[in-house]
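Commentary on secondary and tertiary structure
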Amino acid sequence: MTAHIDGPVRTRSSADLISAEEPVLAHNYHPLPVVVARAEGTWVQDVEGRRYLDMLAGYSALNFGHRHPALIEAAHRQLDRLTLTSRAFHNDRLAEFAERLAELTGLDMVLPMNTGAEAVESGIKVARKWAYEVKGVPADRATIVVAAENFHGRTTTIVSFSTDETARAGFGPFTPGFRIVPFNDLAALERAVDETTAAVLIEPIQGEAGVVIPDEGYLTGVRELTRRAGCLFVADEIQSGLGRTGRTLALEHEGVVPDVLLLGKALGGGIVPVSAVVARRDVLGVLRPGEHGSTFGGNPLAAAVGTAVVELLESGEFQRRAAELGAILRDGLTGLVGRGVVGFRSRGLWAGVDVDPALGTGREVSARLMREGVLVKDTHGSTIRLAPPLTITEEELVGALGALEKVLERGV
Ligand SMILES: *Cc1c(COP(=O)(O)O)cnc(C)c1O
């Protein structure tokens, strides 16, 4: 028998923990050298007790910050009652989650899943089934039109239509049935859509590509084109949705409602993976028992947290904050153009910042910002992405911009 030991047992340093990962953890990521041990709101703390402002927010999975009290309380309450039933039985949390999510998004029906990639996969399956059963596309001929530079996840089918060679190389053979057109090009989209087309699948703003925002009118054009062509508009708002851009959905900036909406990331409140396909009844209604499923999808813990997330968004407070603070972010970045920043794109509290390549790669700038106590992530080349929790204060945001200014002034 060993005696029970109270108190902290974690005595390993950041450096020790980083080197311990190397032989036992798959090398599919290249994290910045910071080992986070705690977090609250917009701040994280490493194992040595150093504090950092989180300007990435888990790629928008932490839109409400770390450990938002309402979300933590909802999770705790549910942990003490019921965590998992499987969909073999009903659970008493799922109906409310689906009702409120449908209401929030202006659509009819919800298919609960877990990760973003699963929501995308599910959306693809639903679109294909709809094409065969409703549109009348001949068996196995359905096509889905997607945009170049997309990011929709990492499964075999999804990387089949990625244009990022690093994401694809060595993972074939790939799933057929996808056509790739340039983003923000309605004429190219029009040429690619034909009678076999089940859906157009795009991100309203391409996050991983560097927060690439299409021209005003593009999303409206996609809506009109898909309606005219009799195919579905599937919008991947896994990163752009749930308050990030200053609206509940990025599509709302053009008043566009898709046929199928894919949500994830922030839907789990930074606590559990929660994703969903949300759609009209005549589309999601094509699924019948046994045709699709997930052991964990719609579990009561996920539904409780998801409902609490929807409740936060129902207040409109986070969308308002993202819009108001987004103006400050934009002004701050505008002031850095020509002073280390060569260009940027932003909407709400979300920005892709192109740093002068002479000053270093996005990775080097990120590493330098880390040493200044600000955590960000590069996307491609010399672009860094800023996506703080929507709970960030004006003072914190101004502090982060100051740190960026300092890093760019000094060079990397
Ligand atoms: C993150 C992301 C996904 C994939 O989500 P996972 O939860 O990582 O599987 C899909 N689409 C977009 C737009 C994303 O940003």
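One numbering rule holds for all chains: residues counted from 1, following each sequence as written. This being a predicted model, a pLDDT of at least 70 is required before a residue's local features are given, and a value of 80 or more before pairs of side-chain atoms are given or counted; all residues contribute to the totals for chains, interfaces and linings. Each side-chain value is worked out from all heavy atoms of the structure, with water and hydrogens disregarded.

1. With respect to the packing of helix H4 (residues 94-105) against helix H11 (residues 300-314)
To get an axis, fit a line to the C-alpha atoms, keeping to the stretch in contact for a helix; angles then go from 0 to 180 degrees between the N-to-C directions. The secondary structure listing takes helices from DSSP runs of H or I that are at least 4 residues long and strands from runs of E that are at least 2 residues long, numbered from the N terminus. Where H4 contacts H11, the axes come no closer than 9 Å and their chain directions differ by 30 degrees. Regarding the angle of H4 to H11, the classification is roughly parallel. Crossing of H4 against H11: the hand is left-handed. Contacts between H4 and H11 involve Leu94, Glu96, Phe97, Arg100, Leu101 and Leu104 on the former and, on the latter, Ala303, Gly306, Thr307, Val310, Glu311, Leu313 and Glu314. Class assignment of the residues belonging to the contact of H4 with H11 gives a composition of seven nonpolar, two polar and four charged. Oblique is the label for every angle not falling under 35 degrees (roughly parallel), over 145 degrees (roughly antiparallel), or within 65 to 115 degrees (roughly perpendicular). Note: crossing handedness is left-handed where the near helix turns anticlockwise from the far helix by less than a right angle, and right-handed where it turns clockwise. Residue contacts are defined here by distance: any two heavy atoms, one from each residue, within 4.5 Å place the two residues in contact. Under this grouping Gly is polar, as are all residues other than the nonpolar Ala, Val, Leu, Ile, Met, Phe, Trp, Tyr, Cys and Pro and the charged Asp, Glu, Lys and Arg.

2. Some details on unusual backbone geometry
Omega for the peptide link from Gly172 to Pro173 comes to 0 degrees, which places this bond in the cis form. Position of Pro173 among the secondary structure elements: in the loop between helix H7 (165-168) and strand S6 (178-181). Positioned with a positive phi, Tyr59 is a non-glycine residue whose angle comes to about 55 degrees. Following the sequence through the fold, Tyr59 ends up in helix H2 (residues 57-60). The buried label goes to any residue with under 20% of its type's maximum accessible area, the exposed label to any with over 50%, and the partly exposed label to all in between, with areas taken from a 1.4 Å probe on protein chains only. The class of Tyr59 is partly exposed, set by a relative accessible area of 24%. Backbone geometry places Ser60, a non-glycine residue, at a positive phi of 85 degrees. For Ser60, a relative accessible area of 1% corresponds to the buried category.

The values are spatial; any link to function lies outside them.
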